[in-house]
Amino acid sequence: VYPDGQFAVSASEDNTLKFWQLPEGELVREYTGHTGSIEALSATPDGRYLLSVGQDRMMKLWERATGKCIFNIEVSRETVRTACLAGDGQHALT
C-alpha cells in the first residue's frame, strides 16, 4: 500500500504484478513478463519504479506509470523471498 493510502501493488502466482486504486479496488494496470510466480516485490518511496523477482529467477525493474519493464537480470539464487529497491531506483538487493 502506498503511503497516501490511495494505491496498492500486488504480486501473485499468476506471474503478474497488479496496480490497484483504493479503496474501490479498481485494477489500474497489470504488469506481465515473468514466467513463474512472483516471490518478492518492492517499490521506490516515490512509487515511480517497481522491482519484482519471480520463480523464473528473473529480477525486473518496472516503470509504474507505463508498465514497461526497463531492466531485467537473472538472479543466481533459486528462491528469492525478499527484494529491496533503493529510493533512486538504481540499486537493488535480493
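So, here's what we can say about the structure. (Residues numbered from 1 in each chain as written. Predicted model: local features only at pLDDT ≥ 70, side-chain atom pairs only at ≥ 80, totals over all residues. Heavy atoms only, no water.)

1. Some words on the pattern of salt bridges
For step 1, the next point in the chain: For the coordinates displayed, the defined rule picks out three salt bridges.
For step 2, the next point in the chain: Salt-bridge contacts for Glu-74 lead to Arg-57; the nearest nitrogen and oxygen are separated by 3.6 Å. Residue Glu-74 is located in strand β7 (residues 69–74), and its partner Arg-57 is located in the loop between β5 (49–54) and β6 (58–63); the two are separated by 17 residues in the primary sequence.
For step 3, the next point in the chain: We classify Glu-74 as exposed; its relative accessible area is 51%. (Salt bridge = Lys/Arg side-chain N within 4 Å of Asp/Glu carboxyl O. Helix = DSSP H or I, 4+ residues; strand = E, 2+ residues; numbered from the N terminus. Buried < 20%, exposed > 50% of the residue type's maximum accessible area, 1.4 Å probe, protein only.)

2. Structural notes on the sheet that holds strand β1 (residues 7–11)
For step 1, the next point in the chain: Here three strands make up an open sheet; going across it, the order is β1-β2-β3 and the pairing antiparallel. Every interior strand has two partners, whereas the edge strands, β1 and β3 (26–32), have only one. Neighbouring strand axes in the sheet, compared pairwise and without regard to direction, differ in orientation by 20° on average. (Pairing = 2+ DSSP bridges. Axes fitted to C-alpha atoms, helices over the stretch in contact; angles between N-to-C directions.)

3. Some points on the nonpolar core
For step 1, the next point in the chain: Among the nonpolar cores identified, the biggest contains 10 residues, and these are Ala-40, Tyr-49, Leu-51, Val-53, Met-59, Leu-61, Val-75, Val-80, Ala-83 and Leu-85.
For step 2, the next point in the chain: Top element by residues in this core is β5. It accounts for three residues.
For step 3, the next point in the chain: Residues contacting Met-59, with those up to four places away along its chain left out, are Leu-51, Ser-52, Val-53, Phe-71, Asn-72, Ile-73, Val-75, Ala-92 and Thr-94.
For step 4, the next point in the chain: Formed by eight residues, the second largest nonpolar core is a distinct cluster that contains Tyr-2, Phe-19, Ile-38 and Trp-62. (Core = buried A, V, L, I, M, F, W, Y, C linked by side-chain atoms within 4.5 Å. Contact = heavy atoms within 4.5 Å.)

4. Some details on the environment of Arg-57
For step 1, the next point in the chain: Assessed through its relative accessible area of 28%, Arg-57 is described here as partly exposed.
For step 2, the next point in the chain: Through-space distance from the C-alpha of Arg-57 to that of Gly-67 is 20 Å; in sequence the pair is 10 residues apart.

5. Points about a nonpolar patch on the surface
For step 1, the next point in the chain: Taken together, the side chains of Ile-70, Phe-71 and Ile-73 make up a nonpolar region of the molecular surface, amounting to roughly 260 Å² of accessible area.
For step 2, the next point in the chain: Tracing the backbone shows Phe-71 in strand β7.
For step 3, the next point in the chain: Residue classification places Phe-71 among the partly exposed residues on the basis of a relative accessible area of 45%. (Patch = residues over 30% accessible without salt bridge, like charges linked within 9 Å, V, L, I, M, F, W, Y side chains within 5 Å. Areas by Shrake-Rupley, 256 points an atom, 1.4 Å probe, with all protein chains shown as cover.)

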